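# Per-entry structural report
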Amino acid sequence: MIGSATPKISLSRSAWAWWKNIAARDGRFAAAWQLLVALAEFVRNSTPARLRQRYGDADYDWEHRVNTTSAAVGWRDRLLGVFHSPYQPTDSVLFHEMIGVLSAQVGIGFRKFTFIDLGSGKGRTLLMASDYPFRRIVGVELLPTLHEAAVENLRKYRSESQKCFASESICGDATEFAFPAEPIILFLFNPLPEAGLRRVFENLRQSLSEHSREVYVLYHNPLLEHVLGQNPGWKKICGTHRYAIYASE
Ligand SMILES: C[S@@+](CC[C@H](N)C(=O)[O-])C[C@H]1O[C@@H](n2cnc3c(N)ncnc32)[C@H](O)[C@@H]1O
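Here the structure is a predicted model, which is why all the values come from computation and not from measurement.

The rules behind the values
Residues numbered from 1 in each chain as written. Predicted model: local features only at pLDDT ≥ 70, side-chain atom pairs only at ≥ 80, totals over all residues. Heavy atoms only, no water. Patch = residues over 30% accessible without salt bridge, like charges linked within 9 Å, V, L, I, M, F, W, Y side chains within 5 Å. Areas by Shrake-Rupley, 256 points an atom, 1.4 Å probe, with all protein chains shown as cover. Salt bridge = Lys/Arg side-chain N within 4 Å of Asp/Glu carboxyl O. Helix = DSSP H or I, 4+ residues; strand = E, 2+ residues; numbered from the N terminus. Buried < 20%, exposed > 50% of the residue type's maximum accessible area, 1.4 Å probe, protein only. Near = heavy atom within 4 Å. Polar contact = N/O pair within 3.5 Å; in protein donor to acceptor, adjacent residues only side chain to side chain. Nonpolar A, V, L, I, M, F, W, Y, C, P; charged D, E, K, R; others polar. 1 Å grid on protein atoms, 1.4 Å probe; cavity = no way out; pocket = protein on both sides within 12 Å on 5 of 7 lines; lining within 4 Å. Points joined across faces, edges and corners; volume = space filled by probe spheres on them. Core = buried A, V, L, I, M, F, W, Y, C linked by side-chain atoms within 4.5 Å. Contact = heavy atoms within 4.5 Å. Domains from an automatic or database assignment. Buried area = accessible area lost by both parts, 1.4 Å probe.

A separate point is a nonpolar patch on the surface. Residues Trp33, Leu36 and Val37 make up a contiguous nonpolar surface patch of roughly 350 Å² in combined accessible area. Tracing the backbone shows Leu36 in helix 2 (residues 28-44). Classification of Leu36 by relative accessible area gives exposed; the value is 53%.

Pasting the structure below:
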């Protein structure tokens with residue numbers, strides 16, 4: 001449940017739900033095989049050499065004295081990431097490019113918009129979004145330890161370019177998030193499997209039918225873009241192989 005105390009996410013329940021989903025789609029043997037492959041990949045990614053590689057995303061942290069790197073994520077959260085979605089922070093150059101393209105293409109001023117990142121991890125996008133004059137910034141993260149890191153990062157972050165000071169991280173399931181009745185810029189970096197993403201867009205459709213307003217989606221690494229592309233409520237504004245930007249119709 002969103003916004004209540006932050007219960008630990010169970011590894012066994014996460015693994016079971018993951019397995020059941022795949023078994024329902026592809027059959028039990030395929031699910032068992034995919035589980036083995038995923039666990040083998042997890043073990044391969046746990047070697048010191050792979051750990052060092054993950055520090056490749058830490059430049060942003062050195063510059064801003066925060067902790068958003070995927071290298072400093074414990075084994076339990078990394079294993080949970082196998083069954084939900086692995087934590088990986090968005091590259092800052094790409095983030096600012098996406099926001100710049102949105103601003104240039106549609107000429108929106110950001111002041112009336114709430115920036116929302118569903119699956120916000122340690123909160124790097126929340127920090128980067130605060131360089132723009134959003135009305136407010138909200139992140140929703142499933143894993144309590146990543147959410148707690150985001151809270152700490154938001155507390156520590158100082159930047160001369162900061163323009164928004166109303167940021168929060170909420171610990172909860174993005175599929176249960178109740179969208180605020182405000183113009184929204186929704187950021188997604190593959191937090192959910194297809195069924196979960198469809199649920200999010202169904203929640204958003206209902207919210208839009210109750211309170212019509214402008215909503216833009218910034219979709220980083222749009223692996224499930226067809227969920228939006230096939231949806232008559234959304235129009236693609238622009239995109240590259242690295243991101244896609246959609247507007248509500
Ligand atoms: C690829 S990371 C993106 C992190 C962040 N948005 C960024 O761009 O820097 C995806 C995040 O989604 C989170 N996640 C997975 N399932 C979720 C769910 N049901 N609700 C909320 N967050 C979820 C993961 O824990 C992970 O932190």
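Take the site of the ligand next. Taken together, 24 residues are adjacent to the ligand, and Thr90, Asp117, Gly119, Glu141 and Ala174 come closest. Within the contact set of the ligand, a nitrogen atom lies 3.1 Å away from a backbone nitrogen or oxygen of Pro191. Relative to its unbound accessible area of 600 Å², the ligand is 97% covered by the protein chains. Residue composition of the shell around the ligand, by class: twelve nonpolar, nine polar and three charged.

So, on to the environment of Gly81. Along the chain, the position of Gly81 falls in helix 5 (residues 75-83). Classification of Gly81 by relative accessible area gives buried; the value is 1%. Once the C-alpha coordinates of Gly81 and Ser14 are considered, the two residues, 67 residues apart in sequence, prove to be 9.6 Å apart.

Considering only enclosed or pocket space, the second largest pocket measures out at about 200 Å³ in volume. Lining the second largest pocket are 16 residues, and of these Asp57, Thr90, Asp91, Ser92 and Arg124 lie nearest its centre. Looking at the lining of the second largest pocket, the elements that each hand over two or more residues are helix 4 (59-64) and helix 6 (92-106).

A word on the nonpolar core. Phe115, Phe134 and Ile185 are the most contacted members of the largest nonpolar core, which has 29 residues in total. When contributions to this core are tallied by element, the ones reaching two or more residues are helix 6, helix 7 (124-129), strand 4 (184-188), strand 5 (215-220) and strand 7 (243-248). At five residues, the largest contribution of residues to this core is made by helix 6. Ile185 has contacts with Leu102, Ile108, Phe110, Phe113, Thr114, Phe115, Ile116, Phe134, Tyr216 and Leu218, leaving out every residue within four places of it along the chain. Ala174, Leu186, Leu208 and Trp234 belong to the second-largest nonpolar core, a separate cluster that totals 26 residues.

Bringing the domain arrangement of the chain into the picture now. Interface size is commonly expressed as the accessible area that is lost once the parts come together. As far as domains go, the chain holds domain 1 (11-83) and domain 2 (92-248). Here domain 1 and domain 2 have C-alpha centroids that lie 23 Å from each other. Contact residues are listed per partner, giving 13 residues for domain 1 and eleven residues for domain 2. Surface buried jointly by domain 1 and domain 2 totals about 1100 Å² across both partners, of which 53% is contributed by carbon and sulfur atoms. Of all residues in domain 1, Tyr60, Thr68 and Asp77 bury the most surface against domain 2, accounting for 48% of the area lost on that side. Where domain 1 packs against domain 2, one counts one salt bridge. As a salt-bridge pair, Asp61 and Arg124 come within 3.8 Å of each other at their nearest N and O atoms.

Quick look at the side chain of Ser70 now. Examined against the element boundaries, Ser70 turns out to sit in the loop between helix 4 and helix 5. Polar contacts involving the side chain of Ser70 include one to the side chain of Asp57, which spans 2.7 Å. If we skip the residues at most four places from it in the chain, Ser70 touches Arg54, Asp57, Tyr87, Gln88 and Pro89.

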